[in-house]
Amino acid sequence: AQSVTQPDIHITVSEGASLELRCNYSYGATPYLFWYVQSPGQGLQLLLKYFSGDTLVQGIKGFEAEFKRSQSSFNLRKPSVHWSDAAEYFCAVVGRGGSQGNLIFGKGTKLSVKP
Amino acid sequence: DTGVSQDPRHKITKRGQNVTFRCDPISEHNRLYWYRQTLGQGPEFLTYFQNEAQLEKSRLLSDRFSAERPKGSFSTLEIQRTEQGDSAMYLCASSLSGPPTSFYGYTFGSGTRLTVV
């Protein structure tokens, strides 16, 4: 079955420290890959996406993610975390092809930032 | 374009009542999706439309749930005889469809938070 695993439910980092959020997927073929961020009570904002090509993708707010086919992973990174980055982060996948209907999300990682 | 709009933002209802939510997608988007998100979980797919046709429904969409997109523009999601387990955030998203080699991404609305008391 297709699935997305975010192994860390909650991560706390100090402001200015680096961040890595993990994401592993299980899919028949390489899907399209996304990271979204959600602030409390809000909808989802797209941080970045991977379709093809360079496996290191840059997103908004200084985030980047690296696709590793051999590990079925798409980890999100930021070199220096800001207090405003505190939010919940979701990794998601969708299959390539004409349907593209069912975006599958992980359960999310809540990021807390301490001063 | 102001993005994907959802109305209402919050809804509190008594158990057993019916509720209806509305989603207005980005005007040029022909695909519209509904997701449900409970506390501490990622969004779960419910259903999606291409134009006015409902192309896929999740098993999560019980008989009490119905979604429509009558003119291929806005969509409504109705829950009949609400239960406490229906309390969740209901998210709508829209996108363009295209050839299999293309992908245009999803834009999400801010959601409707439903509380069943």
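Everything below is about the structure shown above.
This one's a predicted model, so the numbers in the text were calculated from it and none came from an experiment.

### Quick look at the nonpolar core
So, step 1. Counting 27 residues, the largest nonpolar core has L19, W35, L47, L48, F74, L76 and Y89 of chain A as the members making the most contacts within it.
So, step 2. With four residues, the top contributor of residues to this core is strand β10 (residues 87-94) of chain A.
So, step 3. Look past the residues within four positions of Y89 of chain A in its chain and what remains in contact with it is Q6, L21, W35, Y36, V37, L47, F63, L76, G108, T109 and L111 of chain A.
So, step 4. V4, V19, L46 and A88 of chain B belong to the second-largest nonpolar core, a separate cluster that totals 19 residues.

### Points about the state of the cysteines
When the sulfur atoms of two cysteines share a covalent bond, that bond is a disulfide.
So, step 1. Per the counting criterion, the structure on display carries two disulfides over all chains.
So, step 2. Linked covalently through their sulfurs, C23 of chain A and C91 of chain A form a disulfide whose S-S length is 2.0 Å. Across the S-S bond linking C23 of chain A and C91 of chain A, the dihedral sits near -65°, which makes this disulfide left-handed. In this pair, C23 of chain A sits in the loop between β3 (19-21) and β4 (24-26) while C91 of chain A sits in strand β10, placing the two residues 68 residues apart along the sequence.
So, step 3. Two residues, C23 of chain B and C92 of chain B, share a disulfide whose sulfurs are 1.8 Å apart.

Calculation criteria
Residues numbered from 1 in each chain as written. Chains lettered and ligands numbered in written order. Predicted model: local features only at pLDDT ≥ 70, side-chain atom pairs only at ≥ 80, totals over all residues. Heavy atoms only, no water. Core = buried A, V, L, I, M, F, W, Y, C linked by side-chain atoms within 4.5 Å. Buried < 20%, exposed > 50% of the residue type's maximum accessible area, 1.4 Å probe, protein only. Helix = DSSP H or I, 4+ residues; strand = E, 2+ residues; numbered from the N terminus. Contact = heavy atoms within 4.5 Å. Disulfide = S-S within 2.5 Å.

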